[in-house]
Amino acid sequence: MVDYHAANQSYQYGPSSGGNGAGGGGSMGDYMAQEDDWDRDLLLDPAWEKQQRKTFTAWCNSHLRKAGTQIENIDEDFRDGLKLMLLLEVISGERLPKPERGKMRVHKINNVNKALDFIASKGVKLVSIGAEEIVDGNAKMTLGMIWTIILRFAIQDISVEETSAKEGLLLWCQRKTAPYKNVNVQNFHISWKDGLAFNALIHRHRPELIEYDKLRKDDPVTNLNNAFEVAEKYLDIPKMLDAEDIVGTLRPDEKAIMTYVSCFYHAFSGAQKAETAANRICKVLAVNQENEHLMEDYERLASDLLEWIRRTIPWLEDRVPQKTIQEMQQKLEDFRDYRRVHKPPKVQEKCQLEINFNTLQTKLRLSNRPAFMPSEGRMVSDINNCWQHLEQAEKGYEEWLLNEIRRLERLDHLAEKFRQKASIHEAWTDGKEAMLKHRDYETATLSDIKALIRKHEAFESDLAAHQDRVEQIAAIAQELNELDYYDSHNVNTRCQKICDQWDALGSLTHSRREALEKTEKQLETIDQLHLEYAKRAAPFNNWMESAMEDLQDMFIVHTIFDNKHTNYTMEHIRVGWEQLLTTIARTINEVENQILTRDAKGISQEQMQEFRASFNHFDKKQTGSMDPDDFRALLISTGYSLGDAEFNRIMSVVDPNHSGLVTFQAFIDFMSRETTDTDTADQVIASFKVLAGDKNFITAEELRRELPPDQAEYCIARMAPYQGSDAVPGALDYKSFSTALYGESDL
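This one's a predicted model, so the numbers in the text were calculated from it and none came from an experiment.

### Structural notes on the overall build of the chain
Secondary structure assignment for the chain yields 26 helices and 8 strands. In the chain, of all internal contacts separated by at least 6 residues, the share reaching a separation of at least 24 is 70%. Total accessible area on the chain is roughly 38500 Å²; 51% of this is exposed by carbon and sulfur atoms.

### Notes on empty space enclosed by the protein
Here the structure, examined in full by the defined rule, presents 3 cavities of 30 Å³ or more. Considered as a void within the structure, the second largest cavity measures approximately 50 Å³ in volume. Together, Met-435, Leu-452, Lys-455, His-456, Phe-459 and Arg-512 line the second largest cavity. Top contributing element to the lining of the second largest cavity by residue count: helix α15 (residues 446-482), with 4 residues. Each residue belonging to the lining of the second largest cavity can be placed in one class, and the counts come to 3 nonpolar, 1 polar and 2 charged.

### With respect to the pattern of salt bridges
On inspection of all chains with the given rule, the structure shows 40 salt bridges. Notably, a salt bridge pairs Glu-460 with Arg-513, separated by 3.0 Å at the nearest N-O pair. Here the residue Glu-460 occupies a position in helix α15, and Arg-513 occupies one in helix α16 (residues 488-520), the gap between them amounting to 53 residues. Through salt bridges with shared partners, a single network forms among Arg-339, Lys-343, Glu-391, Glu-394 and Glu-398.

### Comments concerning the UniProt feature "coiled-coil region" (unreviewed entry) in the chain
Following the UniProt record, one finds the feature "coiled-coil region" (unreviewed entry) at residues 449-483. Helix makes up 97% of residues 449-483 and strand 0%. Its end C-alpha atoms lie 50 Å apart.

### Some words on α16
Over its 33 residues, α16 extends 47 Å from the first C-alpha to the last, a length consistent with the 48 Å expected when each residue adds 1.5 Å. In this structure, the buried side of α16 is in contact with α13 (380-429), α14 (432-437) and α15.

### Describing the confidence of the model for the chain
Confidence in the prediction for the chain averages 82 pLDDT; 87% of positions are at 70 or higher. Considering only residues more than four positions removed or in separate chains, one finds that residues 1-43, a stretch of pLDDT under 50, has 108 contacts.

### Quick word on the side chain of Ser-92
Along the chain, the position of Ser-92 falls in helix α3 (residues 82-92). A polar side-chain atom of Ser-92 sits 2.6 Å from the main-chain carbonyl oxygen of Leu-88.

### Examining the layout of surface pockets
Of the voids in this model, the second largest pocket is the one considered here, and its volume is about 1000 Å³. Along its surface, the second largest pocket is lined by 31 residues, and Phe-357, Asn-358, Ser-659, Thr-663 and Gln-665 are the ones closest to its centre. Those elements giving two or more residues to the lining of the second largest pocket turn out to be α12 (325-366), α13, α18 (570-601), α19 (605-618) and α22 (664-675). Formed jointly, the lining of the second largest pocket draws a minimum of three residues from each of two domains, domain 2 (291-401) and domain 4 (602-675).

### Points about unusual backbone geometry
With a phi close to 65°, Asn-182 is a non-glycine residue in the positive phi region. Within the secondary structure, Asn-182 sits in the loop between α7 (165-177) and α8 (196-205). For His-658, which is not glycine, the phi dihedral falls at a positive 55°. Mapped onto the elements, His-658 comes out in the loop between α21 (644-654) and β6 (662-663). His-658 sits in the exposed class, given a relative accessible area of 67%.

### Focus: the nonpolar core
Counting residues in hydrophobic clusters, the biggest one holds 79 residues, and the most contacted among them are Trp-59, Ile-149, Trp-192, Phe-198 and Phe-264. Looking at this core, the element that brings in the most residues is helix α6 (residues 139-155), giving 11 residues. Residues contacting Trp-192, with those up to four places away along its chain left out, are Cys-173, Val-185, Asn-187, Ala-197, Phe-198, Leu-201, Leu-224, Ile-257 and Val-261. Membership of the second largest hydrophobic core comes to 44 residues, among which are Leu-294, Tyr-298, Met-328 and Leu-390.

### Things to note about the environment of Arg-340
The residue Arg-340 is located in helix α12 in this model. Distance in space between the C-alpha atoms of Arg-340 and Glu-571 is 8.4 Å, their sequence separation being 231 residues. When residues no more than four places from it in sequence are discounted, the contact partners of Arg-340 are Glu-333 and Arg-574. There is a polar contact of 3.2 Å between the side chain of Arg-340 and the side chain of Glu-333.

### Observations regarding the packing of α19 against helix α20 (residues 628-637)
Viewed as axis vectors pointing N to C, α19 and α20 meet at an angle of 135°, and their least axial separation amounts to 9 Å. What the angle tells us is that α19 and α20 run oblique. Crossing angle aside, the handedness with which α19 passes α20 is right-handed. Packed against α19, whose contacting residues are Ser-614, Phe-615 and Phe-618, the element α20 presents Asp-630, Ala-633, Leu-634 and Ser-637 at the interface. Split into classes, the residues belonging to the contact of α19 with α20 amount to 4 nonpolar, 2 polar and 1 charged.

### Observations concerning helix α9 (residues 220-234)
Over its 15 residues, α9 extends 21 Å from the first C-alpha to the last, a length consistent with the 21 Å expected when each residue adds 1.5 Å. Looking one or two residues beyond α9, the residue adopting positive phi is Asp-236, at roughly 65°.

### What about the packing of aromatic side chains?
Per the stated rule, a full pass over the model turns up 32 aromatic pairs. Grouped by ring-pair contacts, the aromatic residues Phe-188, Trp-192, Phe-198, Phe-228, Tyr-260, Phe-264 and Phe-268 constitute a single cluster. One cation-aromatic arrangement involves Lys-432 over Trp-428; the distance from NZ or CZ to the ring centre is 4.9 Å. Above the plane of the ring of Phe-664 lies Arg-612, whose end atom (NZ or CZ) is 3.6 Å from the centre.

### Side note on the side chain of Glu-292
Relative to the helices and strands, Glu-292 is located in helix α11 (residues 254-316). One polar contact links Glu-292 to Tyr-714, side chain to side chain, over a distance of 2.8 Å. Of the polar contacts made by the side chain of Glu-292, one reaches the side chain of Arg-718; its length is 3.2 Å.

### Focus: the state of the cysteines
Disulfides are covalent bonds that connect the sulfur atoms of two cysteines. Scanning the model with the defined rule gives 0 disulfides in all. Among the cysteines around Cys-715, which has no disulfide bond, Cys-282 carries the closest sulfur, lying 8.2 Å off.

### What to know about a nonpolar patch on the surface
A contiguous nonpolar surface patch, about 470 Å² in accessible area, is contributed by Trp-577, Leu-580, Leu-581, Ile-584 and Ile-588. Mapped onto the fold, Ile-588 is located in helix α18. Using a relative accessible area of 45% as the deciding quantity, one classes Ile-588 as partly exposed.

Rules behind the numbers
Residues numbered from 1 in each chain as written. Predicted model: local features only at pLDDT ≥ 70, side-chain atom pairs only at ≥ 80, totals over all residues. Heavy atoms only, no water. Helix = DSSP H or I, 4+ residues; strand = E, 2+ residues; numbered from the N terminus. Contact = heavy atoms within 4.5 Å. Areas by Shrake-Rupley, 256 points an atom, 1.4 Å probe, with all protein chains shown as cover. 1 Å grid on protein atoms, 1.4 Å probe; cavity = no way out; pocket = protein on both sides within 12 Å on 5 of 7 lines; lining within 4 Å. Points joined across faces, edges and corners; volume = space filled by probe spheres on them. Nonpolar A, V, L, I, M, F, W, Y, C, P; charged D, E, K, R; others polar. Salt bridge = Lys/Arg side-chain N within 4 Å of Asp/Glu carboxyl O. UniProt positions renumbered as here; feature names shortened; annotations may be inferred. Expected span 1.5 Å × (residues − 1). pLDDT = per-residue confidence, 0-100. Polar contact = N/O pair within 3.5 Å; in protein donor to acceptor, adjacent residues only side chain to side chain. Domains from an automatic or database assignment. Buried < 20%, exposed > 50% of the residue type's maximum accessible area, 1.4 Å probe, protein only. Core = buried A, V, L, I, M, F, W, Y, C linked by side-chain atoms within 4.5 Å. Axes fitted to C-alpha atoms, helices over the stretch in contact; angles between N-to-C directions. Parallel < 35°, antiparallel > 145°, perpendicular 65-115°, else oblique. Left-handed = near helix turned anticlockwise from the far one by under 90°. Phe/Tyr/Trp six-rings, centres within 6.5 Å; stacked < 30°, edge-to-face > 60°. Lys NZ or Arg CZ within 6 Å of the ring centre and 35° of its normal. Disulfide = S-S within 2.5 Å. Patch = residues over 30% accessible without salt bridge, like charges linked within 9 Å, V, L, I, M, F, W, Y side chains within 5 Å.

So this is what it looks like as structure tokens:
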């Protein structure tokens, strides 16, 4: 049951009242005047008096039980005025003057007068009802006084479609029972005799409690008992009448029926208020839960992305060169695999992270919540700085890889050239030492000697021609040593062997020439033709070998890695494409956030265009954001009179992260906030107060009864214990919780 608080209107209850009251169809005073005239003739009808006694007694007890007491006999129990004053305190929520505890008649009269004075102070003029009649136990006057209290505190404030009091209650009954067959509420007596109207009211609001289709109009006792029992069990409405009392009279008592029906009105209207309050709280909590989920997702994604960057940068900064080009080629392939496979998802994650952050900030602004501040080191700017470091390390690693591969390719080319020249030279020198040591000239004829001399001269020419190749071999070996070739030891060993062999050939050649010249004097005519042949054949053979070397050099040169036509690779094109996709996604997110703001704040398309034109005009650098000086000029142009303090306040709203820049999104959020009303902490507190039955605290049981399970547990987990003087065990502080939702205190 709910308390009924007095209004400030003044009505006169009694046969002499007049004037116009609220609602349609005449004044409340006229209505009461007719009631009192009718009471003089009919109130003492035994059936009506019995119905009024039961109904009024039950109605009084429904309120007195809140104070831990009740009445048994309505004539006797109000005679000393004590329970009457207590009843008025419970239903009004106000304190009455302290009662007198004496048992003399004068004490009882004084207490009743205090109660009647309080009723009169609420705008009710009591006519023909005095304290003496109540103290004497006058049944008619006592019932009339209780009826006056019921009218004032339970019926007067009922208002439906510009009608109030009795007419408002009747109209409410008609509206609620209109869809039901066999129900036609035209009054507060015979329209309720068959019990269908009571069942229809319950079924309209709580259909699960009544099987209306099974009720029969010709069984009024069953219908009435069903409605009264359900109302007492599930709606906390005490049973105020017996079905037999209503069915057994030609015309049930109107006051009794009105009192009973008013309890249904207040029970269902209170439930509707609680439902409305619960819906508001559910909406606010849903927004807060969604925002918290987005914050948790941002923190998780930011942490994962930063961890990946921290793991990747050391790999990109590892510049330890490998010995072979195959090992470096594998590093290059790993780097390409990183570019193709591993990095693109992280680019998407970074873009999605920025989109989520901007969307979250927009939702927080639209729901009047404080801006989200990520954990230290996880700001968008921190992630961008780390990402920039990654990009720089990546660029440096790529340049190092390519340079190192070029170096190794040059080394391989030089090493291959060394091997080829060394092989050619070694093939040429093969057998030469044995030839020079051979003493064939000792048994040769003159012609043979001349031939040997000519052959030796040809060999000397050939030997001189090979001098350049030996010097080239030594020079290549020296360059390989300077470039730190991994196989320098073998190169040096081979080069030294060639040089030693070359020196030996020179010495042997000189010795053989001396021997041949000595013999030539004896056999100078020998071998003339052989010498001529040797002179002609040697240059040709040398040319053939040089041509072969040139062809081999050309083949090696054309296998170099560089593309002489361009410095761009497929990786450069792929990176540019990924950056284009990221920019498009970021732009789409900005437009979606502007649409979200426009729809949530009710901004028209013309207003949005006007905001954009103003912003672009003062965005001098055309970067999509402006510095504080340009933003101050924009505000002044829109009519703001700004001092430093006011401007600093506005800057803290549009730039909560103190970046020194104002984006277009922050500008439209600020402009829409100036003209749009949103949910506030006070509204949420008022809604919680309705659910708490007007208390300064709320219990877990009340939250679980009024809110969905997940949101009820969300509140219970976050509400602090209530510390007020009126606290009960398990009391929760919904006020501090509500202010924390909007950033006005800590949650």
